[in-house]
Every structure is written in C-alpha cells, then in structure tokens.
Amino acid sequence: MAGRNAEKVPRKAYEKELLRLQTELVKLQEWVRAEGARLVVVFEGRDAAGKGGTIKRVAEHLNPRVARIVALPKPTERQRTQWYFQRYVEHLPAAGEIVLFDRSWYNRAGVEHVMGFCTDEEYQLFLRQCPVFERMLLEDGVLFRKYWFSVSDTEQQERFRRRLEDPTRRWKLSPMDLESITRWEAYSRAKDEMMAHTDIPEAPWFVVESDDKRRARLNMIAHLLGSVPYQEVPPPVLKLPERPPSAGYQRPPRDLQTYVPDHAAGL
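These numbers were taken from a predicted model, which means no experiment stands behind them.

Peer 1: Where do I start with the overall build of the protein chain in this structure?
Peer 2: Within the protein chain one finds 10 helices and five strands. Principal-axis analysis of the C-alpha atoms gives the protein chain an extent of 75 × 50 × 45 Å. Counting contacts in the protein chain only where the partners sit at least 6 residues apart, residues at least 24 apart contribute 79% of the total. Taken as a whole, the protein chain presents about 16600 Å² of accessible surface, with 54% of it coming from carbon and sulfur. Of the side chains in the protein chain, 43 bear a positive and 39 a negative charge, and the two mean positions are spaced by 5 Å.

Peer 1: Just to check I follow, could you spell out the packing of helix α6 (residues 120–139) against helix α9 (residues 184–198) for this structure?
Peer 2: Each pair of packed helices gets described by two things: the angle between the helix axes and the distance between those axes. It is at 9 Å that the axes of α6 and α9 come closest, and there the two elements cross at 40°. On the basis of the axis angle, α6 is oblique to α9. At the point where α6 passes α9, the crossing takes the right-handed sense. Each of Tyr123, Leu127, Cys130, Pro131 and Glu134 in α6 lies in contact with α9, whose residues at this interface are Glu193, Met194, His197 and Thr198.

Peer 1: Help me out: how do you make sense of the side chain of Ser210 in this one?
Peer 2: For Ser210, the location among the structural elements is in the loop between β5 (205–209) and α10 (213–227). In contact with Ser210, not counting residues within four places along its chain, are Ala49, Phe149, Ser150, Val151, Arg159 and Ala216.

Peer 1: What should I look at first to understand the packing of aromatic side chains in this one?
Peer 2: For any pair of aromatic rings, the description consists of the separation of the ring centres together with the inter-plane angle of the planes. This structure, assessed with the given rule, holds 19 aromatic pairs. Cluster of aromatic residues (ring-pair linked, three or more members): Trp83, Tyr84, Phe85, Tyr88, Phe101, Trp105, Tyr106, Phe126, Phe133, Phe144, Trp148 and Trp205. If you follow Arg46 out to its NZ or CZ, it ends over the ring of Trp184, 3.5 Å from the centre. Over the ring of Tyr259 we find Arg254; its NZ or CZ atom is 4.6 Å from the centre of that ring.

Peer 1: Sorry, what's going on with the sheet that holds strand β4 (residues 143–150) here?
Peer 2: Strand pairing in a sheet relies on backbone hydrogen bonds, with the paired strands running either antiparallel or parallel. Read across the open sheet, the five strands follow the order β2-β3-β1-β4-β5; overall the sheet is parallel. Each edge of the sheet is formed by a strand with only one pairing partner; in this case those strands are β2 (67–70) and β5. Ignoring which end each strand starts from, the neighbouring axes of this sheet average 20° apart. Bridge analysis of β4 against β5 gives five bridges, and the strand direction is parallel. Along β5, the bridge assignment pairs Trp148 with Val207.

Peer 1: Just checking my understanding: could you explain unusual backbone geometry for this structure?
Peer 2: Both trends apply: most residues other than glycine have a negative phi, and most peptide bonds are in trans. The residue Ala48 is not glycine, and still its phi comes out positive at about 65°. Within the chain, Arg103 stands out as a residue other than glycine whose phi angle is a positive 70°. You can see Arg103 is positioned in the loop between β3 (97–102) and α5 (111–115).

Peer 1: Would you take a moment to explain the nonpolar core for this structure?
Peer 2: Taken as a class, soluble globular proteins show a tendency for nonpolar side chains to be buried jointly. Among the nonpolar cores identified, the biggest contains 33 residues, and Leu28 and Met220 are the most heavily contacted of them. Listing elements by their share of this core, those giving two or more residues are α1 (11–35), β1 (38–45), α2 (51–59), β3, β4 and α10. Among the elements that make up this core, the one with the highest residue count is α1 (seven residues). Contact partners of Leu28, with chain neighbours within four places excluded, come to Leu39, Leu225, Val228 and Tyr230. If you look at the next biggest cluster of nonpolar residues, it comprises 27 residues, including Val70, Tyr106, Ile200 and Ala203.

Peer 1: Would you take a moment to explain the side chain of Gln22 for this structure?
Peer 2: Note on placement: Gln22 falls in helix α1. By relative accessible area, Gln22 is classed as buried at 4%. From its side chain, Gln22 meets the backbone oxygen of Arg57 in a polar contact 2.9 Å long. In contact with Gln22, not counting residues within four places along its chain, are Arg57, Glu60 and His61.

Peer 1: Where do I start with the pairing of β3 in this structure?
Peer 2: Pairing analysis gives six bridges linking β1 to β3, with the strands arranged parallel. Looking across to β3, one finds that Leu39 is bridged to Ile98. Both β2 and β3 contribute to a ladder of four bridges, which runs parallel. Across the sheet, the residue bridging to Ile69 is Leu100, located in β3.

Peer 1: What is the right way to look at the environment of His61 in this model?
Peer 2: In this structure, His61 sits in the loop between α2 and β2. What makes His61 partly exposed here is its relative accessible area of 44%. For the pair formed by His61 and Tyr187, sequence separation is 126 residues and the distance between their alpha carbons is 34 Å. Beyond its immediate sequence surroundings of up to four residues, His61 is in contact with Gln22 and Val26. Polar side-chain contacts of His61 include one of 3.3 Å to the side chain of Gln22.

About the thresholds
Residues numbered from 1 in each chain as written. Predicted model: local features only at pLDDT ≥ 70, side-chain atom pairs only at ≥ 80, totals over all residues. Heavy atoms only, no water. Helix = DSSP H or I, 4+ residues; strand = E, 2+ residues; numbered from the N terminus. Contact = heavy atoms within 4.5 Å. Areas by Shrake-Rupley, 256 points an atom, 1.4 Å probe, with all protein chains shown as cover. Lys, Arg positive; Asp, Glu negative; His and termini not counted. Charge placed at Lys NZ, Arg CZ, Asp CG, Glu CD. Axes fitted to C-alpha atoms, helices over the stretch in contact; angles between N-to-C directions. Parallel < 35°, antiparallel > 145°, perpendicular 65-115°, else oblique. Left-handed = near helix turned anticlockwise from the far one by under 90°. Phe/Tyr/Trp six-rings, centres within 6.5 Å; stacked < 30°, edge-to-face > 60°. Lys NZ or Arg CZ within 6 Å of the ring centre and 35° of its normal. Pairing = 2+ DSSP bridges. Core = buried A, V, L, I, M, F, W, Y, C linked by side-chain atoms within 4.5 Å. Buried < 20%, exposed > 50% of the residue type's maximum accessible area, 1.4 Å probe, protein only. Polar contact = N/O pair within 3.5 Å; in protein donor to acceptor, adjacent residues only side chain to side chain.

Nothing here speaks to function; it is all geometry.
As structure tokens, this is what we get:
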C-alpha cells in the first residue's frame, strides 16, 4: 500500500504502464461483452480527490456502447418522492455492459447528510438499506466494485486553487466544493460512519490513496483488473478488402459546399 509521502510516479513510467493497463481494460471489456457479464464500478471520495481523472483514463479506449459513465445531476422533484435507489437502478448494466458511476447512491451518506439535503430518518434508512441493496446486486450476478479516493486536506486545497486559476477547469469548482473545506471534519465523520455500515465482506470498500494522481490511477486500474476473472477473447479474423475500381462517380465541385475556415493556417 502506497502512503501519502510516497515518491511521485515519473511521467514516462506512468504513461507506459497506463497504456499497458488500458490495453488490458479493452480485453476486460471484450470478455464482459462475450460472457454477457455485468460490471458496476463505483467511484467515490472527497471533491478533487481524482475520481474524474481516473474514470477518464479507465474509459479512454473503451467502446462507449459497452462502457458507460453515469454522473447524475441533483434529483428532480419527482425523483425526490421515489425510493432513493430507484433512479440509480435504471442505469445499471444489462448483459455485456460496464457502468462506471462517477458518484453514486453514496451521495446520501456524504454530501446530502453533511449539507442537510436529507432528513436524519432518510439518512439512517439509507445506512440500513444500502448493504441489502448491494447484496441484491451481487446475488443477481452483478460484478460490483467500489473505490474510495482518499486525498489529504492540503492536497485538496492545492487542487482547488489550481482550478480557480485555470479557466479550462474552473467549471469543476462550485460553491459547494469550496464549502467542503470548512466542513472537512464533518465529511470525515460522515465517511467513517458510511464505512462502518457499508464496508461489508461481500462488497468491501477499496481505498485509493490519491495525493499522487498518477499513482492512484495505476493502482485503481490494476486492482480492478486483478479482481475480475476475465480472459482474453480471441478477436474475429478481419481482412481489409481491396478497394474496387471506380464505376464513374464524380465528386461535385467543391464550391457547391460550405467548408470550415482554415483556422490552423494562421498559427
């Protein structure tokens, strides 16, 4: 297990190993499709803990028709009157699919509880029902993994600062994210309570130390691959055909179509 003071992974080594792991993820995807398996991976953790970047690397070379990222917005008024887990159930995979939850039903144990967006009765009900819900998924044959990305307070603060200063990442920062700084201990207590109720033998939490984003991504992907009994599926034999000779087709004059201006020419 890597500690928070571990030396950062060099970029060259990181990129080489990431590509190797992503190649294995493609093999995992093809096995899921061939076997008709259903794989659910839950990504949780504090704001700016590195969940989104890891999910991006997991899905980068996968077929979006097989591997879907689910990142739900806040519930609608109608959804608030449903059984809490209901809106997540509709996003669960069918046979041959992978679903990556960028935050999940665990919102109730974290932000909703800390920020007062749910009642204490709703919170306590969630803690009782969540292990039952996850056991139901497992009993139905779903492959289920859940990862908690753990970031230190100093590293989180630094990442927030970089987001504030970077116009391409400013959208990642919300007033609620900034308020999490002042509620660090409340979120810590909520996480501890969540773990006490939902870290069950059938569906344990796997903690990813994420102060070093590169290390966190490699460790999480390697663990996922090592936890699923996938095998390489022989790809279909494909042969590139010869292009047939022209049968007299003539392309219309270019001036009949509207082309995008060559912005790159002025660089």
